[in-house]
Amino acid sequence: MLALVSVTAIWGSTFPLTKDLVARLPIADLYAARFGIAVVVLVAIRPKALRNLPARLWAVGALLGLVYGVALTLQTIGLAELPSSVSGFVTGSYLVMTPLIALVWLKTRVGRSTWAAVGLATVGTASFSLLSGPASAPAGAVALTAVSAALYAVHLVALGKWSRPQDAYALSVVQILTLAVVMTVAAAPDGIALPDSAVDWTGVVYLATVAGAGTFLAQTWAQAHVPPTAAAVVIAVEPVWATAFAAVLYGEPLTWTVLVGGGCMLAAMGIVARPVPEERPCPESRVSAVS
């Protein structure tokens, strides 16, 4: 759990930082550099990590990497138009989506409280655009971020289902390698733009190492031990971290619409966070039924 708490705090810090960087770097170029550095770091630490990997692990890692890459791209496109706090809370709606996806995929029971949480999360997500107006929270950007949240939930459930402690490192490398290849291909036609200042390079290196290689490894390892719903609950405080970093480091205002929408989202997360006695471990995972 401590690993997931650390991951959550680090992810929260990436919202305002990424928003700042994409103002000067194209999205694909930023992530090509970020994940390229991340995979080099992971391979340098453990050069034999990819040696003799079974085909299944390559396939699972590539699929997880693609899902995460699409989610990250959509989230970043939305973040370019949204305050970091709004993006963080809408992204956090994957906590509510996770048990619903587990219901469809893993046949996990979903109770009335979860449906109530879905309703609250919907109200909270809608409030960012309906109450704030198009100037501060465009509906299209909110919708893209909500789709990215759904994909993060899919990644969360899939990672919990397929991750094993002994495969955590290799699976992290394959996911990041997939992201690096996809983003490099996307950025290549116009040439890959790199940061042109020490400050931007510092941000990219932080995203690549601490918020990239480190968090992927920590999450993949942790979710081999923690059920997806429990993991989602721990990660649910990510929007709070995002809001705090945005307010302290970048001076983003805490408007009443953020407080209303965020309050609905946190209430939904709190409902889902309540223990459900009927839940049982998933037979496909060593611990449960998981960017």
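Cut-offs and rules
Residues numbered from 1 in each chain as written. Predicted model: local features only at pLDDT ≥ 70, side-chain atom pairs only at ≥ 80, totals over all residues. Heavy atoms only, no water. Helix = DSSP H or I, 4+ residues; strand = E, 2+ residues; numbered from the N terminus. Buried < 20%, exposed > 50% of the residue type's maximum accessible area, 1.4 Å probe, protein only. Areas by Shrake-Rupley, 256 points an atom, 1.4 Å probe, with all protein chains shown as cover. Core = buried A, V, L, I, M, F, W, Y, C linked by side-chain atoms within 4.5 Å. Axes fitted to C-alpha atoms, helices over the stretch in contact; angles between N-to-C directions. Parallel < 35°, antiparallel > 145°, perpendicular 65-115°, else oblique. Left-handed = near helix turned anticlockwise from the far one by under 90°. Contact = heavy atoms within 4.5 Å. Nonpolar A, V, L, I, M, F, W, Y, C, P; charged D, E, K, R; others polar. Phe/Tyr/Trp six-rings, centres within 6.5 Å; stacked < 30°, edge-to-face > 60°. Lys NZ or Arg CZ within 6 Å of the ring centre and 35° of its normal.

Novice: Explain the overall build of the protein to me, and be specific about the residues and the numbers.
Specialist: What the protein contains, in helices and strands, is twelve helices and zero strands. Of the regular secondary structure in the protein, the N- to C-terminal order runs α-α-α-α-α-α-α-α-α-α-α-α. In the protein, buried positions account for 53% of the 291 residues. Here the protein has roughly 12,200 Å² of accessible surface; of this, 71% comes from carbon and sulfur atoms.

Novice: I'd love a proper account of the nonpolar core, names of residues and values included.
Specialist: Counting 39 residues, the largest nonpolar core has L30, F35, Y68 and I176 as its most contacted members. Listed by contribution, the elements that provide at least two residues to this core are α1 (2–21), α2 (27–45), α3 (55–79), α5 (94–106), α7 (139–162), α8 (168–187) and α9 (198–222). Sort the elements by how many residues they give to this core and α2 lands first, with eight residues. Counting 14 residues, the second-largest nonpolar core is a separate cluster that includes V90, V96, A121 and A268.

Novice: Can you explain the packing of α2 against α3? Please cite residues and give values.
Specialist: The packing of two helices is summarised by the inter-axis angle and the distance between the axes. Running from N to C, α2 and α3 cross one another at 130 degrees; their axes reach a closest spacing of 11 Å. Classified by the angle their axes make, α2 and α3 are oblique. Classified by chirality, the crossing of α3 by α2 is right-handed. Listed contacts from α3 to I27, Y31, R34 and F35 of α2 are L72, T76 and I77. Partitioning the contact of α2 with α3 into residue classes produces five nonpolar, one polar and one charged.

Novice: Give a description of the packing of aromatic side chains that names residues and reports values.
Specialist: According to the stated counting rule, one finds four aromatic pairs in the structure shown. Plain terms: the ring middles of W105 and W162 are 5.6 Å apart, the flat faces sit at 75 degrees to each other, and that makes the pair edge-to-face. Of the two residues, W105 is situated in helix α5 and W162 in helix α7; the sequence distance between them amounts to 57 residues. W162 gets classed as partly exposed once you look at its relative accessible area, which sits at 21%. In this structure an aromatic cluster arises from ring pairing among Y68, Y94 and Y152. Note that R46 overlies the ring of Y169, its terminal NZ or CZ placed 4.1 Å from the centroid.

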